[in-house]
Amino acid sequence: MEDSIVKAIEQIKMRKDIYILKNKYKISVSSLAKTFEVTERTIREFIDIQRNLSDKNFKKINTGLVKIKQQVIDAENYRGFND
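Residues numbered from 1 in each chain as written. Predicted model: local features only at pLDDT ≥ 70, side-chain atom pairs only at ≥ 80, totals over all residues. Heavy atoms only, no water.

### Some points on the packing of helix 1 (residues 3-23) against helix 3 (residues 40-49)
Phase 1: Where helix 1 contacts helix 3, the axes come no closer than 10 Å and their chain directions differ by 105°. Looking at the two axes, helix 1 sits roughly perpendicular to helix 3. Across from Q11, M14, R15, I18 and K22 in helix 1, the residues of helix 3 making contact are I43, F46 and I47.
Phase 2: The residue inventory of the contact of helix 1 with helix 3, partitioned by class, reads five nonpolar, one polar and two charged. (Axes fitted to C-alpha atoms, helices over the stretch in contact; angles between N-to-C directions. Helix = DSSP H or I, 4+ residues; strand = E, 2+ residues; numbered from the N terminus. Parallel < 35°, antiparallel > 145°, perpendicular 65-115°, else oblique. Contact = heavy atoms within 4.5 Å. Nonpolar A, V, L, I, M, F, W, Y, C, P; charged D, E, K, R; others polar.)

### Details of the nonpolar core
For soluble globular proteins, nonpolar side chains are generally found buried alongside one another.
Phase 1: M14, I18, L32, F36, I43, I61 and L65 are the most contacted members of the largest nonpolar core, which has 17 residues in total.
Phase 2: At the level of elements, helix 1, helix 2 (29-36), helix 3 and helix 4 (55-77) are the ones that each hand at least two residues to this core.
Phase 3: Counting residues per element, this core draws most heavily on helix 4, at five residues.
Phase 4: Beyond its immediate sequence surroundings of up to four residues, I43 is in contact with I18, V29, L32, A33, F36, V38 and I61. (Core = buried A, V, L, I, M, F, W, Y, C linked by side-chain atoms within 4.5 Å. Buried < 20%, exposed > 50% of the residue type's maximum accessible area, 1.4 Å probe, protein only.)

Written as C-alpha coordinates, this is what we have:
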(Lines give C-alpha, C1' and ligand atoms only; values in the text may rest on other atoms or scores of the structure.)
Protein backbone atom coordinates (compact mmCIF):
# COMPACT_ATOMS: atom_id res chain seq x y z
CA MET A 1 0.00 0.00 0.00
CA GLU A 2 1.06 3.55 -0.61
CA ASP A 3 2.51 5.37 2.43
CA SER A 4 -0.13 8.11 2.32
CA ILE A 5 -2.94 5.54 2.44
CA VAL A 6 -1.31 3.72 5.35
CA LYS A 7 -0.90 7.03 7.19
CA ALA A 8 -4.53 8.00 6.50
CA ILE A 9 -5.80 4.66 7.82
CA GLU A 10 -3.57 4.88 10.90
CA GLN A 11 -4.96 8.36 11.61
CA ILE A 12 -8.49 6.92 11.68
CA LYS A 13 -7.35 4.52 14.42
CA MET A 14 -5.54 7.30 16.26
CA ARG A 15 -8.67 9.49 16.31
CA LYS A 16 -10.66 6.60 17.80
CA ASP A 17 -7.99 5.97 20.42
CA ILE A 18 -7.94 9.64 21.44
CA TYR A 19 -11.74 9.69 21.58
CA ILE A 20 -11.70 6.68 23.93
CA LEU A 21 -9.00 8.23 26.11
CA LYS A 22 -10.99 11.47 26.35
CA ASN A 23 -14.44 10.03 26.90
CA LYS A 24 -14.01 6.67 28.61
CA TYR A 25 -10.91 7.42 30.67
CA LYS A 26 -11.50 11.18 31.09
CA ILE A 27 -7.98 12.15 29.98
CA SER A 28 -7.94 15.79 28.94
CA VAL A 29 -6.72 17.11 25.60
CA SER A 30 -4.30 19.26 27.57
CA SER A 31 -2.74 16.19 29.21
CA LEU A 32 -2.54 14.36 25.90
CA ALA A 33 -0.90 17.36 24.24
CA LYS A 34 1.75 17.54 26.94
CA THR A 35 2.37 13.82 26.72
CA PHE A 36 2.67 13.92 22.92
CA GLU A 37 4.69 17.17 22.98
CA VAL A 38 2.29 18.91 20.58
CA THR A 39 -0.09 21.82 21.02
CA GLU A 40 -3.66 21.34 22.21
CA ARG A 41 -4.74 22.99 18.97
CA THR A 42 -3.00 20.25 16.98
CA ILE A 43 -4.98 17.56 18.78
CA ARG A 44 -8.27 19.48 18.68
CA GLU A 45 -7.98 20.11 14.94
CA PHE A 46 -6.95 16.52 14.37
CA ILE A 47 -10.00 15.08 16.15
CA ASP A 48 -12.63 17.80 15.69
CA ILE A 49 -11.91 19.14 12.21
CA GLN A 50 -10.42 15.85 10.96
CA ARG A 51 -7.28 17.69 9.84
CA ASN A 52 -4.42 15.41 8.84
CA LEU A 53 -1.21 15.54 10.83
CA SER A 54 2.20 16.59 9.60
CA ASP A 55 4.71 13.74 9.49
CA LYS A 56 6.46 15.12 12.60
CA ASN A 57 3.26 15.34 14.67
CA PHE A 58 2.02 12.01 13.33
CA LYS A 59 5.13 10.30 14.68
CA LYS A 60 4.88 12.05 18.05
CA ILE A 61 1.21 11.25 18.57
CA ASN A 62 1.42 7.72 17.23
CA THR A 63 4.39 6.89 19.45
CA GLY A 64 2.64 8.46 22.45
CA LEU A 65 -0.57 6.54 21.81
CA VAL A 66 1.28 3.23 21.66
CA LYS A 67 2.76 3.92 25.11
CA ILE A 68 -0.52 5.14 26.61
CA LYS A 69 -2.50 2.19 25.21
CA GLN A 70 -0.05 -0.22 26.84
CA GLN A 71 -0.32 1.63 30.15
CA VAL A 72 -4.14 1.47 29.96
CA ILE A 73 -4.00 -2.27 29.25
CA ASP A 74 -1.67 -2.74 32.22
CA ALA A 75 -3.99 -0.65 34.43
CA GLU A 76 -7.08 -2.58 33.30
CA ASN A 77 -5.35 -5.88 34.12
CA TYR A 78 -4.00 -4.64 37.46
CA ARG A 79 -5.55 -6.56 40.30
CA GLY A 80 -4.38 -4.38 43.15
CA PHE A 81 -1.80 -4.93 45.83
CA ASN A 82 -4.02 -7.23 47.88
CA ASP A 83 -3.77 -10.11 45.36
